[in-house]
There are 4 protein chains.
Amino acid sequence: MKVSIIGSTGYTGLELVRLLNKHPKVDLEILTSRSFAGEVISDIYPSLREEVDIKCENLDIDKLAENSEIVFTALPHGVSMEVVPQLLTKGLKVIDLSGDYRYDNLETYESWYKTHNSPELFKDAAYGLPELNRVEIEGSSLVANPGCYPTASILALAPLVDKGLINLDNIIIDAKSGTSGAGRGVSLGTHFCEVNNNFKAYKVANHRHTSEIEEKLGILAKKDISLSFTPHLLPINRGILATVYANLTEGIDTKFVLNLYNDYYKDEKFVRVMDEGKLPEIKHVAGSNYCDIGLTVDERIKRLIVISTIDNLLKGAAGQAVQNLNILAGWDETLGLDNVGLYL
Amino acid sequence: MKVSIIGSTGYTGLELVRLLNKHPKVDLEILTSRSFAGEVISDIYPSLREEVDIKCENLDIDKLAENSEIVFTALPHGVSMEVVPQLLTKGLKVIDLSGDYRYDNLETYESWYKTHNSPELFKDAAYGLPELNRVEIEGSSLVANPGCYPTASILALAPLVDKGLINLDNIIIDAKSGTSGAGRGVSLGTHFCEVNNNFKAYKVANHRHTSEIEEKLGILAKKDISLSFTPHLLPINRGILATVYANLTEGIDTKFVLNLYNDYYKDEKFVRVMDEGKLPEIKHVAGSNYCDIGLTVDERIKRLIVISTIDNLLKGAAGQAVQNLNILAGWDETLGLDNVGLYL
Amino acid sequence: MKVSIIGSTGYTGLELVRLLNKHPKVDLEILTSRSFAGEVISDIYPSLREEVDIKCENLDIDKLAENSEIVFTALPHGVSMEVVPQLLTKGLKVIDLSGDYRYDNLETYESWYKTHNSPELFKDAAYGLPELNRVEIEGSSLVANPGCYPTASILALAPLVDKGLINLDNIIIDAKSGTSGAGRGVSLGTHFCEVNNNFKAYKVANHRHTSEIEEKLGILAKKDISLSFTPHLLPINRGILATVYANLTEGIDTKFVLNLYNDYYKDEKFVRVMDEGKLPEIKHVAGSNYCDIGLTVDERIKRLIVISTIDNLLKGAAGQAVQNLNILAGWDETLGLDNVGLYL
Amino acid sequence: MKVSIIGSTGYTGLELVRLLNKHPKVDLEILTSRSFAGEVISDIYPSLREEVDIKCENLDIDKLAENSEIVFTALPHGVSMEVVPQLLTKGLKVIDLSGDYRYDNLETYESWYKTHNSPELFKDAAYGLPELNRVEIEGSSLVANPGCYPTASILALAPLVDKGLINLDNIIIDAKSGTSGAGRGVSLGTHFCEVNNNFKAYKVANHRHTSEIEEKLGILAKKDISLSFTPHLLPINRGILATVYANLTEGIDTKFVLNLYNDYYKDEKFVRVMDEGKLPEIKHVAGSNYCDIGLTVDERIKRLIVISTIDNLLKGAAGQAVQNLNILAGWDETLGLDNVGLYL
């Protein structure tokens, strides 16, 4: 299948190129880039040399439409919406990695992001978290690929929220992400000497992903949810670990909850529930499309601690996008995603 | 004043040596080490070469007593209690960096640690957190230097607990520490390739420091407190950052709480409360004895997020021990502790 | 083809497991481990969970022989020679990753390593650097997989030595390796806090790989070579970069030398010669089996600087071993080795 | 003494502020900054909060002259020369940290840098490497603080060159620096994700510091020297390690050379020569003003390997500048420079 990428030279774009190049059913056609049009992708990322030597181009919707069946858009929020409606009009299917089509509720989007130009597409866009939303994705022509933090957070909480086992007023998500989540743009905040040896929280109580997590968990719970979400910056390249706290509504133990999770995710290739007493670590998933989940009930205080971890660039972005491609195309969901984590 | 260190070759011992060597009123006399007796400290840590070339010795209580007025014990939990009573009997003052004399309640100690051999000393030992306990420290001959996580956690929460502004049933402390907190002993868990590029939680719902934090905050609150404390391992050498969540009992805003903190710590040299909108980072305090605190009220959900950060080896161990020395000796509390953080 | 691994739980073993598990023509049969016999490999490396859940066993030569056609030995130097002759006697083909069978010259081996128990195998063993030695490997039943530093160093120098373009008395190799090269064994030297923020040389003028590089380049040059080789330890997990200095015997320029290298390696999939003005970086090859080479003639002083980089665990160990497997088995040399570097 | 800093908000500026703030004989007066005029230095570097809360100003030569006796200029090459002559005209003494006044030979400067506007100052400027040039510094009103790489390289080679023990045609300096050497300016090359897990050479055969090293060693040797200097970028914040190779002109051994070095530097507080068999590491000097030097004669091939290490921001920049201040002012050379390395 002919596939193209709009915005191919950021870190998410690089990962899409890397994955799609090895995908057994994909022909990578057009790579667009505003900053690097005219340059060969392997000059920008020499790791790709002799593997992907495609020249990046300026965006040309007609040319894209002629040469692609499915297009990935890896553009900043607010920029995606300038392009996606045109692609759909041309009959293309789109997997969009921005936040622009992730919401059901326009008001929520506009209060956390900005004015939207094509909210009429919201009802057709599928939220691309396959573990919760596979059927909707299959039938859609616009998949809104989830945010990295929401992927880790929602997968950690979905079974509890779905089954009504926790108090919805006291959910706390303390999340930590590698620096690639900030993108490849240069800024003082991503200077090596500022990040190395350091650790900090950022956007406390006002990160946009809060609203995405709240909306999607609220749909599962069938009621509004407000929660605490605190992102932190880790001095590593890849990976998110979310530590989630929730108060149990009943006196259940770790075994009971683990059984629930194992059952909930039993058919999900990319979710691995850890055995009792074991905990996920970023190095177990970095380089793979897995989400690992471990949990403990603190029986002293009837609080559940769930820890989930993903590679923010894979299950949190490009890997999940390829998983969505596989669903859209009717292929085995794991095609092109069979690497285990590198560990080292 | 003549000062000696028992257990001088671990990372905390190194920091004690480094600080005391520059202390204007201290003569560093004897360094003991079980593993490195007979070796010169600057052969173990060449950073000290031509500065501190003292030979480490086996422990000899009589010799220590003859040559010291105050002794620091930087020994593992359970080992300290074998030594401290003997030192006190000789008339020495002791600053103990283990957990052995930190507790008021024997039962708590024994349920989280092990059987104690000298609980009769508990009532005389002062918990060495100067910001809360200065008067008691001044009059004591045994100072139990606080744990690293408890220092960061208690300073973050003390004003709220003291003033009764938060719900005591829903305190969550999500803490992250650099790897030097694990000590210099070799183990797979501290192998470079296992820590680098990685991040993980450990001892979830059962870390010993939970009980130390609960006891000390409980004394402030004048009631029992149970809380969640989750430690994580950061791929950096130095520093702890604690993200603390608490539900407010009243509708107060960020400004109100910041005023409270500024007032509470107004005479404390080593606590810096950040201005509204600013947050602490580990690199702001690493290399110094400061504890930086920043906070935000999430008014959407009436929850307070307090973030505190310290250097685990300094304010969390050796620096605070020197601060306690200064108090015991009646000196300016900042002597020998005037370095700012290195930032880089 | 049925393949087994002896010594499967070190970092090289992990990489062999990871690669062979995805190899399209390999069935991974037996994993042996002295330290972890009885444990499932994915409990030791949870990144493998649900992918490779084989239980590690004690070494049983008969069982190995019944269940394998080719065996990888990832054992320490001196231990391999206890096992390899037995495997060969059973009719197995062996790819040995230790130093025990890399040498032609027994005296060299014994002066840099230890007394050898089976030097009669030297003449049959093929030195497993395919770019220089492919034909010999094809016909061998014992392949001695090269050391990591020798792989990077020899590939950097082979065209020059082969063509007689440099002074053989003044070769200097200044090499830098990630910490995984030190293996997974615990020691103070691999403690995170000792490696992080640090950089050092080690085994200056006496690292064993010096002799391996000298022997193999000497064979190419048809005369004895003595050179300087200095290894350094990088605070990263993966990767080697070697900076090689050599005095030119003739007045040739960068273009001339680049043409020579391009020609020399024109059929080699896993060697990439960089264009003029571009230099290799570890992140371009980490996670892949590539060796990237860049070079510059410093015309001011008629000295050539060649820089080569590999992933020490892949082209420097497990990847090259799989490349040798492909050659032994008569398959496409790139099978199972098609991942590009991760870059991030 | 009243001291001011021009260009106080880069990493070198930060270190000057940090050191001068604790210097017992210095009053820090004016901090200038083009980028941050009007901002308080401790808002830019919160590590300084409550220690140095001076507001940065635009450059005003008259005001500087009224309020300072000595001025540090921490400006980019080419910018310093716009300012330094004006400062000298006002009767100020200047310690300049740029490359603008380091050279004796104008042609060399102009061929590696750019056209100079005030070469008449070259003859009065003292090259600020106290270990080689103390007398000249004492009598000067303009001290040109050496480059970071030249400091490490020249101190490593000076005894050999001075005593004529090595072949001057075959000197090779393979140097590795932490990323703070690149300054605080944002660029893709200093993005955390590009530097972390990576290692690379840069400016091979054309780094400007080559010419500075050649000129200063040439003065010692009393003849022209051309050498190889290759800088590499380390994924750490602080520190330089230089590995230096030289061919011995006579059959001397390690002990002989170590004796020479110990004698050569016997009165130098900030140079520590390591005992035989020991090697310097960056963590031994980071945070201090020391230069550690270790060496080995490879008797197999009559080549000497000298390894030197410094903190690039201290002995390689701000620390050496303070050392020069102490010399200019006639104070003990170690004032304000008494911190040992942090090790961790």
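Everything numeric here is computed off the predicted structure, so don't read it as measured data. Each chain carries its own residue numbering, running from 1 in the written order of its sequence. Here chains are named by letter from A upward and ligands by number from 1 upward, in the order in which they appear as written. Where totals are concerned, whole chains, interfaces and linings use all residues; where local detail is concerned, this predicted model gives features only for residues with pLDDT of at least 70, and gives and counts side-chain atom pairs only at 80 or more. Each side-chain value is derived from all of the structure's non-hydrogen atoms; neither hydrogens nor water enter the calculation.

Colleague: How do you make sense of the interface of chain B and chain C when you look at a structure like this?
Modeller: Interface size is commonly expressed as the accessible area that is lost once the parts come together. Listed per partner, the contact involves 20 residues of chain B and 20 residues of chain C. Together, the buried faces of chain B and chain C total about 1,700 Å²; carbon and sulfur atoms form 58% of this surface. When the area that chain B buries against chain C is broken down by residue, the three leading residues are His191(B), Phe192(B) and Asn237(B), summing to 37%. We count a salt bridge whenever a side-chain nitrogen from Lys or Arg sits within 4 Å of a carboxyl oxygen from Asp or Glu. Between chain B and chain C we count two salt bridges in total. Across the salt bridge formed by Arg184(B) and Glu194(C), the nearest N and O atoms sit 3.0 Å from each other. In the analysis that follows, any N or O atom pair within 3.5 Å is treated as a polar contact, provided that within protein one partner can donate a hydrogen and the other can accept it, and provided that, for residues neighboring in sequence, both atoms belong to side chains. The interface formed by chain B and chain C contains twelve residue pairs in polar contact (both at pLDDT 80 or more). Looking at side-chain class alone, the side of chain B that touches chain C contains eight nonpolar, ten polar and two charged residues. Two residues qualify as a contact provided that any one of their heavy atoms is within 4.5 Å of a heavy atom in the partner residue. Here the quantity called buried area is the accessible surface, traced with a 1.4 Å probe, that two parts lose on coming together, added over both. Residue type decides the class: Asp, Glu, Lys and Arg count as charged, Ala, Val, Leu, Ile, Met, Phe, Trp, Tyr, Cys and Pro as nonpolar, and the leftover types, Gly among them, as polar.

Colleague: How do you make sense of the UniProt feature "active site" (unreviewed entry) in chain A when you look at a structure like this?
Modeller: All names here are of chain A. UniProt positions are given in the numbering used here, feature names are shortened, and annotations may be inferred rather than shown by experiment. Within the UniProt annotation, "active site" (unreviewed entry) is assigned to Cys148. The secondary structure listing takes helices from DSSP runs of H or I that are at least 4 residues long and strands from runs of E that are at least 2 residues long, numbered from the N terminus. Residue position: Cys148 is located in helix α7 (residues 148-163). Here's how the labels work: a residue is buried when its accessible area is under 20% of the maximum for its type, exposed when over 50%, partly exposed in between, all with a 1.4 Å probe on protein chains only. Overall, Cys148 belongs to the buried group, its relative accessible area being 14%. For Cys148, the residues in contact, after removing those within four places along its chain, are His209, Ile240, Ile310, Asn312 and Gly316.

Colleague: Looking at this structure, how should I read the environment of Asn21(D)?
Modeller: Residue and element names in this part refer to chain D. For Asn21, the location among the structural elements is in helix α1 (residues 11-22). The exposure class assigned to Asn21 is partly exposed, which follows from its relative accessible area of 26%. Placed 290 residues apart in sequence, Asn21 and Asp311 show a C-alpha to C-alpha distance of 19 Å. If we skip the residues at most four places from it in the chain, Asn21 touches Leu28, Glu51 and Val52.

Colleague: Help me understand the sheet that holds strand β6 (residues 142-144) of chain D, please; the structure alone is not making it clear to me.
Modeller: Two orientations exist for strands paired in a sheet by backbone hydrogen bonds: parallel and antiparallel. Residue and element names in this part refer to chain D. Here six strands make up an open sheet; going across it, the order is β2-β1-β3-β4-β6-β5 and the pairing parallel. Each end of this open sheet is capped by a strand with a single partner; those strands are β2 (27-32) and β5 (126-127). In terms of strand pairing, strand β1 (residues 2-6) meets β2 through four bridges, oriented parallel. Residue pairing for β2: Ile6 is matched across the bridge by Thr32. When DSSP finds two or more bridges between two strands, those strands count as paired.

Colleague: Would you explain the packing of aromatic side chains in this entry?
Modeller: Each aromatic ring pair is summarised here by two numbers: the centre-to-centre distance and the angle between the ring planes. Think of it this way: a Phe, Tyr or Trp ring, Trp meaning its six-membered ring, pairs with another when their centres are within 6.5 Å, and the plane angle makes it stacked under 30 degrees, edge-to-face over 60, tilted otherwise. Within the structure shown, the criterion is met by 44 aromatic pairs over all chains. Ring geometry for Tyr101(C) and Phe122(C): centres 6.4 Å apart, planes at 85 degrees, overall edge-to-face. Of this pair, Tyr101(C) sits in the loop between β4 (93-96) and α5 (106-112) while Phe122(C) sits in the loop between α5 and β5 (126-127), and the two are 21 residues apart along the sequence. Between Tyr149(D) and Phe229(D), the ring centres sit 5.0 Å apart and the planes meet at 70 degrees, which makes this aromatic pair edge-to-face. Remark: Phe229(D) occurs in strand β9 (residues 228-233) and Tyr149(D) occurs in helix α7 (residues 148-163); sequence separation between them is 80 residues. The burial state of Tyr149(D) is the same as that of Phe229(D); both residues are buried. An aromatic cluster of at least three residues, connected via ring pairs, comprises Tyr101(A), Tyr103(A), Tyr109(A), Tyr113(A) and Phe122(A). Only when the NZ atom of a Lys or the CZ atom of an Arg is both within 6 Å of the ring centre and within 35 degrees of the ring normal do we say a charge sits over the ring. Cation over ring: Lys216(A) sits above Tyr127(A), and NZ or CZ is 4.4 Å from the ring centre. Here the basic side chain of Arg272(A) rests over the ring of Tyr290(A), its NZ or CZ set 3.8 Å away from the ring centre.

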